[in-house]
Amino acid sequence: MGRGRAKAKQVKVARQLKYNTGNTDLDRLKDELGVSDSGDDSYDELAEKYADYADEYGTEARKDGTSG
């Protein structure tokens, strides 16, 4: 016995997750996940880092005759 109370709690939590999704605090979530605000900077850094590879391999056809 005692399963009824645990099941009721699970049902309550499931209903909250299903119906109350509109009030998520995204700033708090970002803080918890450790995400920085500089999203565009990281892309620019990666683009600069791999620009040489793109110049070398990006536009040429592959040796096996496939593209991409």
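Residues numbered from 1 in each chain as written. Predicted model: local features only at pLDDT ≥ 70, side-chain atom pairs only at ≥ 80, totals over all residues. Heavy atoms only, no water.

### Structural notes on the pattern of salt bridges
Inference 1: For the coordinates displayed, the defined rule picks out one salt bridge.
Inference 2: In this structure, the salt-bridge partner of arginine 28 is glutamate 32, at a minimum N-O distance of 3.2 Å. Residue arginine 28 and its partner glutamate 32 are both found in helix α2 (residues 26-33); the two are separated by four residues, about one turn of the helix. Of the two residues, arginine 28 and glutamate 32, neither departs from the other in class, the shared state being exposed. (Salt bridge = Lys/Arg side-chain N within 4 Å of Asp/Glu carboxyl O. Helix = DSSP H or I, 4+ residues; strand = E, 2+ residues; numbered from the N terminus. Buried < 20%, exposed > 50% of the residue type's maximum accessible area, 1.4 Å probe, protein only.)

### Describing a nonpolar patch on the surface
Inference 1: The grouping of Leu26, Leu29, Leu33 and Val35 at the surface amounts to a nonpolar patch, some 390 Å² of accessible area in total.
Inference 2: Along the chain, leucine 29 turns up in helix α2.
Inference 3: Of the residues examined, leucine 29 reaches a relative accessible area of 38% and is grouped as partly exposed. (Patch = residues over 30% accessible without salt bridge, like charges linked within 9 Å, V, L, I, M, F, W, Y side chains within 5 Å. Areas by Shrake-Rupley, 256 points an atom, 1.4 Å probe, with all protein chains shown as cover.)

### Let's talk about the packing of aromatic side chains
Inference 1: Tallied over the full model, the rule gives one aromatic pair.
Inference 2: Taking the centre distance of 5.8 Å and the plane angle of 35° together, the rings of tyrosine 50 and tyrosine 53 count as tilted.
Inference 3: What makes tyrosine 50 partly exposed here is its relative accessible area of 42%.
Inference 4: Classification of tyrosine 53 as partly exposed rests on a relative accessible area of 48%. (Phe/Tyr/Trp six-rings, centres within 6.5 Å; stacked < 30°, edge-to-face > 60°.)

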